[in-house]
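Coordinates in review
One letter stands for each residue in the lines below.
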Amino acid sequence: FTQSYWKFKFYRNLNIKDYDVVIFPFDLKVLNLYAFWKYKNIRVGVFGIGVRASYENNYDSSILDFLVRLLILKKINFGIFYDKYPKIKFTGMGVDPLKLFVAQNTISSDQKFNLETKTYTNILFVGTLYKQKNVFQLIEAYKILKDKNINLPNLDIIGDGPQKKKISLCVSNNNLMDKIKLHGEVIDEKELLKFYTNARVVISPAQAGLSVLQSFSYATGFVTSEQAKTGGEKFNIIEGVNGDFFDGSTIHLSEIIEKYLDVNYAKNIGINAYKYFNFLRKK
C-alpha cells in the first residue's frame, strides 16, 4: 500500500476520486501531500502534531519544516492538530482559522481507578529507557538529595530499553539501590495501576509525551524540563497546578523533587491533574 523513496513514502493505488474526504497524516515525508492538483473536487485534510517534533528534534524547531507545512495548509481544505499551539501559530501566518481544528491528544483512562485509594508515597518514572529521556539526571538529583541526608521516598523506574543496564549500574555506583528500583517493562494495566496509585508524581527529565496525560488520569502530577522533547502534550502542564517544570539543571530538578516530599503538595497537584484530565475528556 505504501512505497518508499529514500526517506519518503507514497500511498500507492489510492484513487482519490473514490472518496469525498481524505485525511493524510501530517508527515512531510508523505509525498501524496504535495499532489495539490489532484484535490479539486474532494476535501483533503491532515491530522497530526502540526509542527516538527521527535526524540532528536525539539518541538517546532525547524523554520523550513514550518514553511513547508504552512504552504500545504494554505492549499488543502483543513488541518487537525493534537493541541492549540499549531492552530494559533498557523493562523498568525495567514491560514484561515475556520479550517484549523484541535482534537486534543488524550488516552482512555482505567475506569476502575479510585481516587480515594491514592497513597502518594513513591516517585515514578514510566517509559522506554532511551538515552534521550535522560533518566540519569533523575538519578543524579536523587543522589544530591541523599547526600543532604533527606529522607527520600522510593523511586520506581518502570520500563525497558537500551539504557537499562547503564541505568542499573548508575544506581549501584551511587549507592542508591535502597531507594531506586528498576521494575522492567509493565504492560498489564492492573499492575501499572498499583504503581500510579502509590505515586506522588511522575518525573521524566527530558521527554513529555502521552505519559503526561496518563499520569493525570491517575491523579498524578508530572514534572519535566522546560526544554523537554514533546509532541505538544507538555503544554497541558500548568506550573504549580498539575505539575512542575525545572530549568534543565540537576540542582533545580532536586529542588522540585523536594517540593513533592510534602505529601499535601503532591496530593493537591495530583487532584488538580485528575480534574484537568476529566475536563479534557468532556471537551
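What this report covers is the structure whose coordinates are included nearby. (Residues numbered from 1 in each chain as written. Predicted model: local features only at pLDDT ≥ 70, side-chain atom pairs only at ≥ 80, totals over all residues. Heavy atoms only, no water.)

A look at the nonpolar core
Rules: In this text, buried Ala, Val, Leu, Ile, Met, Phe, Trp, Tyr and Cys residues form a nonpolar core when linked through side-chain atoms within 4.5 Å. When a residue's accessible area, from a 1.4 Å probe over protein chains only, is under 20% of the maximum for its type it is buried; when over 50% it is exposed; and in between it is partly exposed. It only takes one pair of heavy atoms within 4.5 Å for two residues to be counted as in contact.
Counting 55 residues, the largest nonpolar core has Phe-216 and Ile-257 as the members making the most contacts within it. If near-sequence neighbours (up to four positions away) are discounted, Phe-216 is found in contact with Gly-221, Phe-222, Asn-236, Ile-237, Asn-242, Ala-273, Tyr-274, Tyr-276 and Phe-277. Listed in part, the 22 residues of the second largest apolar core include Val-44, Phe-66, Ile-72 and Phe-81.

A look at the side chain of Thr-224
Stated precisely, the cut-off is as follows: Labels follow the DSSP assignment, with helices taken as runs of H or I lasting at least four residues and strands as runs of E lasting at least two, numbered in each case from the N terminus. Whenever two N or O atoms come within 3.5 Å, that pair is a polar contact, provided that in protein one can donate a hydrogen and the other can accept it, and provided that, for residues adjacent in sequence, both atoms are side-chain atoms.
Here Thr-224 lies in strand S12 (residues 221-225). Here the side chain of Thr-224 touches Ser-204 through a polar contact of 2.7 Å, landing on its backbone oxygen. Ignoring sequence-local partners within four residues, the contact set of Thr-224 consists of Ser-204, Pro-205, Ala-206, Gln-207, Ala-208, Lys-234, Ile-237, Asp-244, Phe-245 and Phe-246.

Structural notes on the pattern of salt bridges
Rules: By definition, a salt bridge exists where a carboxyl oxygen of Asp or Glu is found within 4 Å of a side-chain nitrogen of Lys or Arg.
Counted according to the given criterion, the structure contains seven salt bridges. Note that Asp-147 and Lys-143 form a salt bridge whose closest N and O atoms lie 3.0 Å from each other. In this pair, Asp-147 and Lys-143 are both assigned in helix H3 (residues 135-147), four residues apart and thus about one turn of the helix distant. Note on Lys-143: relative accessible area 23%, which makes it partly exposed. In this structure, the salt-bridge partner of Glu-258 is Lys-148, at a minimum N-O distance of 3.9 Å. Here Glu-258 is found in helix H7 (residues 250-259), whereas its partner Lys-148 is found in the loop between H3 and strand S8 (155-158), with 110 residues between them in sequence. When its relative accessible area of 33% is taken as the criterion, Glu-258 is described as partly exposed.

Digging into a negative patch on the surface
Definition in use: A residue counts toward a patch only above 30% relative accessible area and without a salt bridge, and it is joined to like-charged neighbours within 9 Å or, for Val, Leu, Ile, Met, Phe, Trp and Tyr, to nonpolar neighbours within 5 Å. Only the protein chains shown count as covering a residue, and every accessible area follows the Shrake-Rupley method with a 1.4 Å probe. Residues scored as charged are limited to Lys and Arg (positive) and Asp and Glu (negative), so that His and the chain ends carry no count. The atom standing in for a charge is NZ when the residue is Lys, CZ when it is Arg, CG when it is Asp and CD when it is Glu.
The grouping of Glu-226, Glu-239, Asp-247 and Glu-255 at the surface amounts to a negative patch. The topology assignment puts Glu-239 in the loop between strand S13 (229-230) and strand S14 (243-246).

Observations regarding the sheet that holds strand S5 (residues 78-81)
Heads up, the condition is: The pairing criterion for strands is at least two bridges between them, as found by DSSP. Only the contacting stretch of a helix is used when fitting its axis, a line to C-alpha atoms as for every element, and angles between N-to-C directions run 0 to 180 degrees.
If you trace the four strands from one edge of the open sheet to the other, you get S3-S4-S5-S6, paired in parallel fashion. On the outer flanks of this sheet lie strand S3 (21-25) and strand S6 (100-102), each paired with one strand and no other. Neighbour to neighbour, the strand axes of the sheet diverge by 25 degrees on average, direction disregarded. Taken together, the three bridges between S5 and S6 define a ladder with parallel strand orientation. The partner of Gly-79 across the bridge, within S6, is Leu-100.

That's the geometry; what it means functionally is another story.
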